[in-house]
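Now for the letters of each chain:
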Amino acid sequence: MSSDQIASAAYIDDAVTFESFQLDSRLLQSIKNNGFINPTLIQSSAIPLALQEKRDIIAKASTGSGKTLAYLIPVVQTILEYKKALSSDSKFGQTSTLGIILVPTRELAQQVFTVLEKLILFCSKDVHCLNLSSNLSDSVLNSLLLEGPEIIISTPAKLLNVLDTKVNSLSLEELKFLVIDEVDLVLTFGYQEDLMKIARYLPLKKNLQTFLMSATLNDDIQDLKQQFCRSPAILKLNEDEINKDQTKLVQYYVKVSEFDKFLLCYVIFKLGLIKGKTLIFVNDIDRGYRLKLVLEQFGIKSCILNSELPANSRQHIVEEFNKNVYQLLIATDDTEYIKEEDEEEEDDDQGNVPAEAEATNSEAEIKGKKEKKKRTQIKKDKEYGVSRGVDFKNVACVLNFDLPTTAKSYVHRIGRTARAGKSGTAISFVVPLKEFGKHKPSMCRTAKKDEKILSRIIKQQSKLGFEIQPYSFDVKQIEGFRYRMEDGFRAVTQVAVREARVKELKQELLTSDKLKRHFEENPQDLQSLRHDKELHPARVQQHLKRVPDYLLPEAARQDKKKIGFIPFHNAKQQKKRGRIHKGGKRSGKSDPLRNFK
Ligand SMILES: Nc1ncnc2c1ncn2[C@@H]1O[C@H](COP(=O)(O)OP(=O)(O)OP(=O)(O)O)[C@@H](O)[C@H]1O
């Protein structure tokens, strides 16, 4: 939360002010300090319901719509009121936890913690928070728990771990709030069992207020709803309302062969065809390293984010990326949990929040679905995830180098751009089935279903009133680069990829320890701890780093400044570009890809 991170105007509820919620003046002060004047729509709906009516809330609202403050403000306000009441009471000084916030990943835990710290800046004497999923040692965590933090943020597994320890120093008798953020992902990560065990420790019968939040929800949350909620208010932000005004995200797909994904990527980044920061999603860790090494061949720097890296490094990489230290971040999307089930029902669920009236599935059907899901889950690092919830700042473009394997995952990935009122572009590479498996070294297993997934994405986006457009470009324009790419690609062998992976891991393990100690005191060391260093296990061919003039289109040969103005698409397509809404209006917003011309 800072003044440069403002939600899109489409989400803001101009008709309401934060003052109207009668919040504690210290809370109002910090909200104001962060440049937030009006609440977002989800905030103006959720806050009064939670504060005045004490309702449980199930909320489904788009990515970037301000869900975090929608639950944090009521939690903090309630705690402040409770503390005020206690101060005149003899029980003052109690050390019970009053709010628990559960999130699926460590990344999200850290992010929510940061937002909360800013929110309680002026009342930090009365409200203390602790992120259980941070990298603190167990002994440090225990001593911090003994101090009785009012708010705990954690992944379900970590919380259960703490609750199950013999010397459990967490007291939950007075618990007032339970929040489960990105609730459907919490379930998909297989945390349901943990949640049910956690439930045994909670004073569920004692007016515990709950919040279940996500941008995508489906019937899987029925059990949780029954277990944790009492006649919840179901807030489903009207997507059409928001979307009609939200013209900032432009979506394209590009049909390319497996190998040409690398070729296109090289051309796009070498020629600077995307202005601003890009977040590239790949579907497995090796592919991330392969892409990094290939780009490295051409002198294009990037850094890697995946579940294998130490949590410290991951956190630092996201922070640095947000501070614009890196331009290219290659993230392995593990929240993909490589689901290969038929997803038809998920598509149908996109617009449906489960409510009693809306829950049409029979129990048997739901059970069947769940069992199917269990079977298709692949166990990965449970506490990593970057396509969900992480508030990446100023991302100009999300590039689905590998298409996600579900339409739902697509929603979350593209939600990392066009945040906070900025415009953005989402580009997805799609491998036609007839091209699948033709070039083994560049092949991605999940691409077999790209066309099928694409049609689901198109269907899903059109339901939301958006269009994902084919991006056509003149293949001849990139042909000149093919030979170089073949050369560069060949140097990146499977052995090189493996070595790079081990090397990076070692490097990051070392830096991760250093990170903690050094940064505050020695900011000059930052340079030596950069995450986008070349990994070099592949033979680097220096000559590939330069783009010779003869490869450039004529205009760029005469004037280097025109290097970003490649006729990459045909002129007719250009006219159509810009997001088209159901109403037929086209976005006039700037789009980095428009500069391709
Ligand atoms: N009332 C507000 N006015 C302006 N900006 C806001 C307001 N509330 C939140 N924001 C900003 O909007 C951005 C998105 O908020 P947040 O991360 O809570 O979204 P989200 O709905 O949780 O998204 P996701 O589903 O992707 O996690 C943040 O940068 C936040 O600082």
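Look up a bit, the structure's there.
We now turn to the structure provided with this report. Quick caveat: nothing in here was measured; it's all calculated off a predicted structure.

**Some words on the environment of Ile153**
Next, step 1: Within the fold, Ile153 resides in strand E4 (residues 151-154).
Next, step 2: Accessibility expressed as a relative area gives 0% for Ile153, which makes it buried.
Next, step 3: On a C-alpha basis, the gap between Ile153 and Ser134 in space is 9.4 Å, while along the polypeptide they are 19 residues apart.
Next, step 4: If sequence neighbours within four positions are ignored, Ile153 has contacts with Ile101, Ala109, Val112, Phe113, Leu116, Leu130, Asn131, Leu132 and Ser133.

**Here's the deal with the pattern of salt bridges**
Next, step 1: The final tally for this structure, using the stated rule, is 21 salt bridges.
Next, step 2: Residue Asp126 pairs with Arg26 through a salt bridge whose shortest N-O separation is 3.0 Å. On the criterion of sequence distance, the pair formed by Asp126 in the loop between helix H4 (106-119) and strand E3 (129-131) and Arg26 in helix H1 (residues 25-33) is long-range, its members being 100 residues apart.
Next, step 3: A relative accessible area of 24% places Arg26 in the partly exposed class.
Next, step 4: Among the salt bridges present, the one from Glu308 reaches Arg501, with a minimum N-O distance of 2.7 Å. Residue Glu308 is located in the loop between strand E10 (303-305) and helix H13 (311-322), and its partner Arg501 is located in helix H19 (residues 494-521); the two are separated by 193 residues in the primary sequence.
Next, step 5: By relative accessible area, which is 17% here, Arg501 ends up buried.

**Here's the deal with the sheet that holds strand E1 (residues 57-60)**
Next, step 1: Read across the sheet, 7 strands follow the order E3-E4-E2-E5-E6-E1-E7 without closing on themselves; strand pairing throughout is parallel. If you trace the sheet from one side to the other, it starts and ends with E3 and strand E7 (233-236), each paired once. Each strand axis lies, on average, 10° off the axis of its neighbour in the sheet, ignoring direction.
Next, step 2: With 4 bridges connecting them, E1 and strand E6 (residues 209-214) associate as parallel partners. Bridge pairing in E6 links Ile58 to Leu212.

**Points about the nonpolar core**
Next, step 1: The biggest cluster of nonpolar side chains holds 61 residues, and the ones touching the most others in it are Phe269, Ile280, Leu291, Phe392, Phe429 and Met485.
Next, step 2: Counting residues per element, this core draws most heavily on helix H11 (residues 258-270), which supplies 9 residues.
Next, step 3: Each residue touching Ile280, except ones within four places of it in the same chain, is listed here: Cys265, Phe269, Leu291, Leu328, Leu329, Ile330, Ala331, Leu399 and Phe401.
Next, step 4: Counting residues in each nonpolar core, the second largest holds 51 residues, with Leu27, Ile47, Leu49 and Ala50 among its members.

Conventions used here
- Residues numbered from 1 in each chain as written.
- Predicted model: local features only at pLDDT ≥ 70, side-chain atom pairs only at ≥ 80, totals over all residues.
- Heavy atoms only, no water.
- Helix = DSSP H or I, 4+ residues; strand = E, 2+ residues; numbered from the N terminus.
- Buried < 20%, exposed > 50% of the residue type's maximum accessible area, 1.4 Å probe, protein only.
- Contact = heavy atoms within 4.5 Å.
- Salt bridge = Lys/Arg side-chain N within 4 Å of Asp/Glu carboxyl O.
- Pairing = 2+ DSSP bridges.
- Axes fitted to C-alpha atoms, helices over the stretch in contact; angles between N-to-C directions.
- Core = buried A, V, L, I, M, F, W, Y, C linked by side-chain atoms within 4.5 Å.

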